[in-house]
Amino acid sequence: AYMLPGGVVSPPDMRRILACQAALDDVSRWYETRVTGAPLEQWLALDNAASLFAWLEHDGPARSALGLMSRFMRSIGLHRLGAGTPHMLSFGASPCDGQTPTAGFYDGDARQVLPLDPVRIVEHVRYSWFRQYAGGRHPWEGETVPLYQPGSDRYTWAKAPRYGDKVVQTGPLAELVIGGDALIRDLFDTEGDSAWLRQVARMRRTGLKLLRARQLLDDMAANLGEPHFLGPSANAEKDGQGCGLIMAPRGALGHWIKIRNGVIDKYQIITPTAWNASPRDSAGEMGHWERSLIGLRVEDPDDPVEVGHVIRSHDPCLVCSVHFLGSGRRVRYAA
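Nothing here was measured: the structure is a model prediction, and the numbers come from that model.

The rules behind each value
Residues numbered from 1 in each chain as written. Predicted model: local features only at pLDDT ≥ 70, side-chain atom pairs only at ≥ 80, totals over all residues. Heavy atoms only, no water. Helix = DSSP H or I, 4+ residues; strand = E, 2+ residues; numbered from the N terminus. Rg over C-alpha atoms; globule rule 2.2 N^0.38 Å. Buried < 20%, exposed > 50% of the residue type's maximum accessible area, 1.4 Å probe, protein only. Contact = heavy atoms within 4.5 Å. Areas by Shrake-Rupley, 256 points an atom, 1.4 Å probe, with all protein chains shown as cover. Lys, Arg positive; Asp, Glu negative; His and termini not counted. Charge placed at Lys NZ, Arg CZ, Asp CG, Glu CD. Axes fitted to C-alpha atoms, helices over the stretch in contact; angles between N-to-C directions. Parallel < 35°, antiparallel > 145°, perpendicular 65-115°, else oblique. Left-handed = near helix turned anticlockwise from the far one by under 90°. Nonpolar A, V, L, I, M, F, W, Y, C, P; charged D, E, K, R; others polar. Pairing = 2+ DSSP bridges. Core = buried A, V, L, I, M, F, W, Y, C linked by side-chain atoms within 4.5 Å.

(A) View of the overall build of the protein chain. For the protein chain, the count of helices and strands is eleven helices and nine strands. Relative to the compact-globule value of 20 Å for 335 residues, the protein chain shows a C-alpha radius of gyration of 22 Å, a close match. On the principal axes, the C-alpha backbone points of the protein chain span a range of 60 × 60 × 60 Å. Counting across all 335 residues of the protein chain, residues that qualify as buried make up 39%. Looking at the protein chain alone, contacts between residues at least 24 apart form 63% of all its contacts between residues at least 6 apart. Element-wise, carbon and sulfur atoms account for 55% of the exposed surface of the protein chain, whose accessible area totals about 18500 Å². Charged side chains of the protein chain number 37 positive and 38 negative; the gap between the two group centres comes to 7 Å.

Okay, here's the thing in structure tokens:
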């Protein structure tokens, strides 16, 4: 199982660490055999576009999932499609190449990475099926009150997160561009954003995480006597607010909480898919997915596989945007 009952408060011991290392070795062998067709270190050593394309001609990588995916996606032009917004967001809570995590905002107009300012994050609900409020609100001040209004110009259960007034995208591509991964930055600078590059970045991130997981297990094994859980202080404040920001596999994930009289008073979450799949905001600006589909040629409107290629390059998770609605009627079924 990927998760133990009790979660991260389970104390590590050598038996558990050895079991984790064995599982990690199995995953790494599968990744090197099926995904990259080459040793992990060789794949992660690539640092520019030219070296990647030359490497993909080698026998092992050419027969791998990465090689097949690249040939297919580039043959149908997906390295030139699906760009969307030029702006990116990363919360930076996962190192690239063993370096210090980099949180930031990539300004696509200025083409530079700026420091992350979480205060600038707001959510709009103008085109969402929630009780309305004016403009955008920071998650600490936000609210989530369902209000389905069929026949109106609202069209989704997703809110519209924004970084200030900027529409942003998030995910492995944003994480590695902002984090400074040499290969992904060179591909991004050479060809720009695309559905193909998002998938390459996803495979690249997986390799980096496998390497980082090994380092973490080795560090834990060397420090078994250290505390594994720090509980709340007996003198903890009963009122306050805080947030947790991390780069989940799909991108920037944030939880914001307010506590009053020792209990949760408000809890708001912005998922990675919410950033990417957001609708229009209060100013009418389209979300990233909406922008990424502009100009896309669909050969068969009844089977829009082209739309699927672009949207699925983000690894979408729409669970938070699916709702069951009561009709208010009782229905009786015959046996």
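(B) Layout of the packing of helix α6 (residues 172–179) against helix α8 (residues 195–221). Here α6 crosses α8 at 70 degrees, and the two axes come no closer than 8 Å. Considered as vectors, α6 and α8 are oriented roughly perpendicular to each other. When the axes of α6 and α8 are compared, the crossing they make is left-handed. Of the residues in α8, those touching α6 at Pro172, Leu173, Glu175 and Leu176 are Leu197, Arg198, Ala201, Arg202, Arg204, Arg205, Leu208 and Lys209. Of the residues belonging to the contact of α6 with α8, the class tally is six nonpolar, no polar and six charged.

(C) Highlighting the sheet that holds strand β1 (residues 87–90). With respect to topology, four strands assemble into an open sheet ordered β3-β2-β1-β6, the strand pairing being mixed. Edge strands, defined here as strands with exactly one partner in the open sheet, are β3 (112–115) and β6 (168–169). Taken together, the four bridges between strand β2 (residues 104–107) and β3 define a ladder with antiparallel strand orientation. Counterpart to Phe105 in the pairing with β3 is Leu114. In the packing of α6 onto the sheet, the strands contacted are β1, β2, β3 and β6, and the crossing angle to β1 comes to about 85 degrees.

(D) Local environment of the nonpolar core. Trp43, Leu52, Trp55, Met88, Ile184, Leu187 and Trp196 are the most contacted members of the largest nonpolar core, which totals 36 residues. Mapped by element, the contributors of at least two residues to this core are α1 (14–36), α2 (40–45), α3 (49–55), α5 (65–75), α6, α7 (182–191) and α8. Of the residues forming this core, the biggest block, nine residues, is contributed by α8. Residues Tyr163, Ala252, Trp256 and Ile270 belong to the second largest nonpolar core, which totals twelve residues.

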